[in-house]
Amino acid sequence: MTASPSTVRVAIIGGGIASAALLRGLLRHSHIAADIYESQPSFRVEGPTVSLTPAAEEILLKIDPSLDDCLSRAEAVYGVTDTRLASGPYAGQPVDCPSVQGQKERIVDPQRFLDELLRGTPPRMIHANSPISAVTEMSPGGGVLLNFVGGQQKKYDIVVGADGVHGITREFVLGADDPATKPQHTGIWRVTIKVPYQKALDAMGPEFLDPHRPCQTSWIGEGIYLQHDLTGPERDVHITVYAVHSAYPSSAWASLLTPEEFGAVFARIPLPACRGMVNLIKSLYTVQIAGISYLQYKPARTYVTRNAALIDDAAHSVLAVHGVDTLIGLEEAYILSMLLGRATSKAATPAALQAYDHVCRPRAEEAASHTRHCGLVTIGRDLEVGLDPRLMGPRLEYYWHVLKKSNIEEQQVAAIGLMDQLLTQTENAT
């Protein structure tokens with residue numbers, strides 16, 4: 001990468017939705033030269049459909065106004081949320097959350113969304129199949145060196161980590177000895193599949209697969225959680241199941257089960273739609289099923305150094321609540337790209353990074369804490385609520401309201417104010 005001495009060179013490590021949004025935001029600033037790296041052969045994202053609140057759509061346009069038709073191109077649709085009990089004495093009954101279930105949000109296939117975020121970006125900036133073995137600081141104020149598997153090296157002024165729980169950037173920012181560096185097991189695993197609509201219909205029945213009613217349907221049981229997402233007729237149905245299972249080593253990345261063992265985890269679920277989801281997974285994985293471990297971090301003391309920043313699932317635990325992970329990731333992408341856009345010299349970038357940390361870290365860590373409490377409800381393990389829909393509804397409604405509330409304008413004002421204050425302090429000191 002060649003650049004003028006005034007150019008701020010930024011490397012983004014990790015190829016998810018938040019990092020792609022960050023790249024789009026950085027491209028709006030002529031003094032920034034950015035590259036994005038993904039270790040896998042292609043930029044891919046798997047999992048349930050992405051749910052975008054109105055606030056998330058607003059932030060997307062703040063990141064880059066040219067993304068106004070991004071969601072339409074990705075075939076996003078307005079859908080509703082339906083939450084029900086999967087087991088227990090109230091199995092099949094809805095969980096009443098009026099303010100949540102009555103609000104339509106855009107839902108979209110995550111891969112389509114990622115593809116549209118990357119559409120139109122210069123190919124020279126997008127690097128798939130580029131695993132990085134180490135990130136090192138060259139010298140105080142001297143930039144960051146990326147060391148690639150195979151021996152290649154590249155120098156940048158700033159590295160932004162969005163490389164997840166198995167990445168390397170969190171250790172670079174926090175240090176190897178920080179107890180918050182390594183993720184911890186929660187005892188929960190998940191399996192995600194995507195199947196054609198007709199195949200899902202044959203297995204699950206038509207009651208909760210109305211092709212003209214896009215919907216994210218969740219099922220809560222004792223120690224389990226199932227979700228199926230439908231975005232329209234003739235479209236794939238996304239299915240994700242979660243279960244509590246602690247009988248595997250703390251170092252394991254997954255819980256490996258036979259189809260029979262997997263079926264036994266969900267044996268107490270009587271409902272045809274839920275049984276259909278379980279059978280669909282068993283039909284795809286006939287020898288072994290890998291339940292991917294759900295990991296979480298201890299709260300980080302910082303998301304930044306003088307030349308590095310963490311965003312999304314490299315910064316904090318995955319926020320596995322409808323739409324919250326995407327909302328927080330977009331908030332972080334916007335605030336960081338906006339601040340770096342104001343840093344018109346390399347000397348100003350530390351102030352931009354500190355301001356980002358000051359504004360975005362408390363918000364994300366609070367959301368992560370609420371997500372953990374909300375998660376207990378959604379797997380039927382909240383001792384005060386259990387599987388009683390009358391108690392579960394108000395509890396979920398409270399958490400969803402807190403988690404989905406975004407104050408991006410306040411964040412922006414606070415971040416700019418702090419950055420200007422830090423820059424003034426630096427100028428006075430010199």
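Residues numbered from 1 in each chain as written. Predicted model: local features only at pLDDT ≥ 70, side-chain atom pairs only at ≥ 80, totals over all residues. Heavy atoms only, no water.

Visitor: Mind showing me how you'd approach the overall build of the protein here?
Guide: Along its length, the protein carries 14 helices and 17 strands. Its C-alpha atoms give the protein a radius of gyration of 22 Å, within 12% of the compact-globule value 22 Å for 430 residues. Viewed in the frame of its principal axes, the protein has a C-alpha envelope of about 70 × 45 × 40 Å. When the 430 residues of the protein are sorted by exposure, 57% land in the buried category. (Helix = DSSP H or I, 4+ residues; strand = E, 2+ residues; numbered from the N terminus. Rg over C-alpha atoms; globule rule 2.2 N^0.38 Å. Buried < 20%, exposed > 50% of the residue type's maximum accessible area, 1.4 Å probe, protein only.)

Visitor: Sorry, what's going on with the sheet that holds strand E13 (residues 224-230) here?
Guide: Hydrogen bonding along the main chain pairs the strands of a sheet, whether they run parallel or antiparallel. An order of E3-E5-E4-E12-E13-E14-E11-E16-E15 is seen for the nine strands of this open sheet, with the pairing classed as mixed. Only two strands of the sheet have a single neighbouring strand rather than two, namely strand E3 (50-52) and strand E15 (254-257). Neighbour-to-neighbour, the strand axes of the sheet open up by a mean angle of 30°, direction not taken into account. Its contacts with the sheet put helix H5 (residues 110-118) on E3, strand E5 (105-108) and strand E14 (237-244), and the angle it makes with E3 is roughly 65°. Across the face of the sheet, helix H13 (residues 389-404) comes into contact with strand E4 (77-85), E5 and strand E12 (215-221) while running at roughly 145° to E4. (Pairing = 2+ DSSP bridges. Axes fitted to C-alpha atoms, helices over the stretch in contact; angles between N-to-C directions. Contact = heavy atoms within 4.5 Å.)

Visitor: In this structure, what is going on with unusual backbone geometry? I would like to understand it.
Guide: Among all residues except glycine, the phi angle is most often negative; among peptide bonds, the trans geometry is most common. For Asn-129, which is not glycine, the phi dihedral falls at a positive 55°. Tracing the backbone shows Asn-129 in the loop between strand E6 (126-127) and strand E7 (132-137). Backbone geometry places Asp-312, a non-glycine residue, at a positive phi of 55°. Of note, Asp-312 is situated in helix H10 (residues 312-315).

Visitor: I'm lost on the side chain of Thr-371 in this one. Help?
Guide: Within the secondary structure, Thr-371 is located in helix H12 (residues 349-378). Separated by 2.7 Å, the side chain of Thr-371 and the backbone oxygen of Ala-367 make a polar contact. (Polar contact = N/O pair within 3.5 Å; in protein donor to acceptor, adjacent residues only side chain to side chain.)

Visitor: I tried to follow the pairing of E12 on my own but got confused; where do I start?
Guide: Remember that side chains alternate between the two faces of the sheet whenever the strand is regular. In terms of burial, E12 is largely enclosed, as seven of its seven residues are buried. Alternating positions in E12 separate into two faces, Cys-215, Thr-217, Trp-219 and Gly-221 on one and Gln-216, Ser-218 and Ile-220 on the other, with burial throughout. The sheet contact formed by E4 and E12 spans six bridges and is parallel. Bridge pairing in E12 places Thr-81 opposite Gln-216. In the sheet, E12 pairs with E13 via seven bridges, with the strands oriented antiparallel. Its bridge partner lying in E13, Gly-221 is registered against Ile-224. If you look at the hairpin formed by E12 and E13, you'll find two residues sitting between the two strands, and Gly-223 has a positive phi there, around 80°.

Visitor: For this particular structure, what's the right way to read the nonpolar core?
Guide: Buried together is how nonpolar side chains tend to be arranged in soluble globular proteins. If you look at the biggest cluster of nonpolar residues, it comprises 102 residues, and the most contacted ones within it are Phe-113, Leu-146 and Tyr-356. Those residues within four positions of Phe-113 in sequence are excluded, and the remaining contacts are Ile-17, Val-50, Leu-52, Leu-60, Cys-70, Leu-71, Ala-74, Val-108 and Thr-326. Among the nonpolar cores identified, the runner-up in size contains 30 residues, and Ala-86, Val-191, Ala-200 and Leu-271 belong to it. (Core = buried A, V, L, I, M, F, W, Y, C linked by side-chain atoms within 4.5 Å.)

Visitor: I keep staring at the sheet that holds E7 and nothing clicks. Help me out?
Guide: Taken in spatial order, the three strands make up an open sheet running E7-E8-E9, and their pairing is antiparallel. Edge positions in the sheet fall to E7 and strand E9 (153-156), since each of these pairs with one other strand and no more. Each strand axis lies, on average, 20° off the axis of its neighbour in the sheet, ignoring direction. As paired elements, strand E8 (residues 144-148) and E9 share four bridges and run antiparallel to each other.

Visitor: Can you help me understand the packing of aromatic side chains in this one?
Guide: For any pair of aromatic rings, the description rests on two quantities: the centre-to-centre distance and the angle between the ring planes. One pass over the structure, following the stated rule, counts eight aromatic pairs. Arranged with centres 5.1 Å apart and planes meeting at 55°, the rings of Phe-262 and Phe-266 form a pair that is tilted. Among the residues examined, Phe-262 registers a relative accessible area of 0% and is labelled buried. Classification of Phe-266 by relative accessible area gives buried; the value is 0%. By the ring-pair criterion, three or more aromatic residues cluster together here, those being Tyr-37, Phe-148 and Tyr-156. (Phe/Tyr/Trp six-rings, centres within 6.5 Å; stacked < 30°, edge-to-face > 60°.)

Visitor: Hey, could you run me through the environment of Arg-372 in this one?
Guide: Relative to the assigned elements, Arg-372 resides in helix H12. When the C-alpha atoms of Arg-372 and Val-321 are compared, they prove to be 9.6 Å apart, with 51 residues separating the residues in sequence. Every residue in contact with Arg-372, bar those within four places of it in the chain, is listed here: Gln-296, Tyr-297 and Ser-317.

Visitor: Is there a simple way to think about helix H1 (residues 17-26) in this case?
Guide: Helical geometry: 3.6 residues make up each α-helical turn, so side chains three or four residues apart lie on a common side. Among the ten residues that make up H1, ten are buried, leaving the element largely enclosed by the rest of the structure. Among the residues making up H1, those that are buried are Ile-17, Ala-18, Ser-19, Ala-20, Ala-21, Leu-22, Leu-23, Arg-24, Gly-25 and Leu-26.

Visitor: Explain the pairing of strand E16 (residues 289-296) here, please?
Guide: Counting buried residues along E16, six of its eight residues qualify, which places the element largely inside the surrounding structure. In this sheet, E16 lies alongside strand E11 (residues 184-195) in antiparallel orientation, the contact comprising five bridges. The residue bridging Ile-188 from the neighbouring strand is Tyr-294, located in E16. The sheet contact formed by E15 and E16 spans four bridges and is antiparallel. Bridging across to E16, Ala-254 finds its partner in Ile-292.

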